[in-house]
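Structure assessment
If you want the building blocks of each chain, they are given just below.
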Amino acid sequence: IAYITSRKQPMIHWFFDSLHNECDGNYDGIKVIVVDFYAGDAERQNLVAGLAHCEITHVEPKPSVWRGKYRLTNTDYHGCASVRNTAVCLAPDGWIVCVDDLTVLCPGWLKSVRRAMDGGYVCCGAYRKVKNLTVENGRITGFEDNPPGNDHRIPSGSDTEAVPCHAQWLYGCSNAMPVEAILKINGWPEICDSTGIGMEDCHTGIALVNNGYKLRYDRSMMTLESEEHHGGENASGIRMDKNRGKLRVLIGGVSEPDEKSWALVRLLKNAKRFDNFFGPEGIEGLRRRVLAGESFPIPTEPTTDFYDGQ
């Protein structure tokens, strides 16, 4: 299980306590990888170590040109793909499950993950971003509904089974897939980190479907997130879409925005494998070296923005 955070207050105890409830204290076959922008802080290390009931690996995100001390940009971008790829390189085998910060796992979440493992499909979990979320010992004790933060896919789901879904319905906040599936497409698309607005998740879903993987949406794989903790000083990195709303281009007779996010859609819509900068052996070679004890290399490319050459 890969827990991803770059926040000063990720409410990580919600996750660990709710996971403990979900597995009823039995962690056989479960390993947690915490990829944390603040993992180098001693106080943070002590906090995470004190919360965990299972085997964990607590690391900083691998070096990136978009954020962190090796960035080539003048500030940190909100880029998740390279962070998720850090977890992929540390996942030893089997399946990998992604969970966002500010999250508490709802009852039945782990059962849904195991159902996906038994069924062999990529599972798209559900979420709700709510207000005034209160949690005690990993159990939700109250919250205020927040309609703008409700998962639009919920009405299409089922309480008893995972249902077939669109490729774009893979969201990073809660998903499960075989490790070999994400290796086949060469990891999450790090070109999406250049926008700061994400979309690496839906592009990953499309690439998985382009490779023949079946995606299913399971609304019983539910997580609740705290809406209030997302903003302010707890926000992580800038989000910017170049040329937003300024120009339009004509593609095959259809008018589309000439914006960076739309350029990514056009670039990646038929992708089966992402051109991440991992060397000639791709993420498989990088993962093999990292699992053997090597450090992540410091990237030297890309040096320009694919969209405008900046």
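Notes on the structure in this doc start here. (Residues numbered from 1 in each chain as written. Predicted model: local features only at pLDDT ≥ 70, side-chain atom pairs only at ≥ 80, totals over all residues. Heavy atoms only, no water.)

Considering the overall build of the chain
Tallying secondary structure elements over the chain gives 8 helices and 12 strands in all. Expected size for 310 residues packed as a compact globule is a radius of gyration near 19 Å; at 19 Å, the chain falls within 12% of this value. A principal-axis box enclosing the C-alpha atoms of the chain has dimensions of 55 × 45 × 40 Å. By sequence separation, contacts in the chain at least 24 residues apart represent 75% of the contacts at least 6 residues apart. Total accessible area on the chain is roughly 14400 Å²; 49% of this is exposed by carbon and sulfur atoms. When the 34 basic and 41 acidic side-chain charges of the chain are each reduced to a single mean position, those positions are 4 Å apart. (Helix = DSSP H or I, 4+ residues; strand = E, 2+ residues; numbered from the N terminus. Rg over C-alpha atoms; globule rule 2.2 N^0.38 Å. Contact = heavy atoms within 4.5 Å. Areas by Shrake-Rupley, 256 points an atom, 1.4 Å probe, with all protein chains shown as cover. Lys, Arg positive; Asp, Glu negative; His and termini not counted. Charge placed at Lys NZ, Arg CZ, Asp CG, Glu CD.)

Remarks on the packing of helix α1 (residues 12-22) against helix α2 (residues 42-51)
Packed helix pairs are specified by the crossing angle of their axes together with the interaxial distance, meaning the distance between the axes. Orientation of α1 relative to α2, taken along the N-to-C sense of each, is 20 degrees, at an axis distance of 10 Å. Classified by the angle between their axes, α1 and α2 sit roughly parallel to one another. Where α1 crosses over α2, the two elements pack in a sense that is right-handed. Across from I12, H13 and F16 in α1, the residues of α2 making contact are L47, V48 and L51. Classifying every residue of the contact of α1 with α2 gives 5 nonpolar, 1 polar and no charged. (Axes fitted to C-alpha atoms, helices over the stretch in contact; angles between N-to-C directions. Parallel < 35°, antiparallel > 145°, perpendicular 65-115°, else oblique. Left-handed = near helix turned anticlockwise from the far one by under 90°. Nonpolar A, V, L, I, M, F, W, Y, C, P; charged D, E, K, R; others polar.)

Quick notes on the side chain of N186
Here N186 is to be found in the loop between α5 (179-184) and α6 (200-210). Excluding its chain neighbours within four sequence positions, the residues that come into contact with N186 are R273, F274, N276, F278, G282 and I283.

Overview of the environment of G282
Along the chain, the position of G282 falls in helix α8 (residues 282-291). Between the alpha carbons of G282 and E228 there is a distance of 38 Å; along the sequence they are 54 residues apart. Ignoring sequence-local partners within four residues, the contact set of G282 consists of N186 and R273.

Here's the deal with the pattern of salt bridges
Scanning the entire structure with this criterion turns up 16 salt bridges. A salt bridge links D305 to K260; the shortest N-O distance between them is 2.6 Å. Pair noted here: D305 is in the segment after α8 and K260 is in helix α7 (residues 260-268), with a separation of 45 residues, a long-range link. Salt bridges sharing partners connect three or more residues here, namely K242, K260, D305 and D308. (Salt bridge = Lys/Arg side-chain N within 4 Å of Asp/Glu carboxyl O.)

Side note on the packing of aromatic side chains
Taken as a whole and judged by the stated rule, the model has 7 aromatic pairs. The interplanar angle of 55 degrees and the centroid separation of 6.2 Å between the aromatic rings of Y127 and Y171 together place this pair among those described as tilted. With Y127 in strand β6 (residues 122-136) and Y171 in the loop between β8 (163-164) and β9 (174-178), this residue pair connects regions lying 44 residues apart in the sequence. Like Y171, Y127 is buried. Look at F306 and Y307: their rings are 6.4 Å apart centre to centre, the planes differ by 65 degrees, and that puts the pair in the edge-to-face class. Taken together through their ring pairs, the aromatic side chains of Y3, F15 and F16 make up a single cluster. Between the NZ or CZ atom of R67 and the centre of the ring of F37, over which it lies, the distance is 4.9 Å. Sitting over the face of the ring of Y121, R216 holds its NZ or CZ atom 5.6 Å from the ring centroid. (Phe/Tyr/Trp six-rings, centres within 6.5 Å; stacked < 30°, edge-to-face > 60°. Buried < 20%, exposed > 50% of the residue type's maximum accessible area, 1.4 Å probe, protein only. Lys NZ or Arg CZ within 6 Å of the ring centre and 35° of its normal.)

A look at the nonpolar core
L170, M177, W188 and L208 are the most contacted members of the largest nonpolar core, which has 52 residues in total. In terms of nonpolar packing, the next biggest core, distinct from the first, is built from 27 residues, A52, C54, L110 and A162 among them. (Core = buried A, V, L, I, M, F, W, Y, C linked by side-chain atoms within 4.5 Å.)

With respect to the state of the cysteines
Under the criterion given, the structure shown has 0 disulfides. As a non-bridged cysteine, C106 has C173 as the owner of its nearest cysteine sulfur, 12 Å distant. (Disulfide = S-S within 2.5 Å.)

Focus on α6
Within an α-helix, residues lying three or four positions from one another point in the same direction, as the helix has 3.6 residues per turn. Most of α6 sits out of view: 9 of its 11 residues are buried. All buried positions along α6 are accounted for by E200, D201, C202, H203, T204, G205, I206, A207 and L208. Check the buried side of α6 and you find it contacts α3 (81-90), β6, β9, α5, β10 (215-226) and α7. Just downstream of α6 lies G212, where phi reads positive at about 95 degrees.

Treat this as a map of the structure, not an account of what it does.
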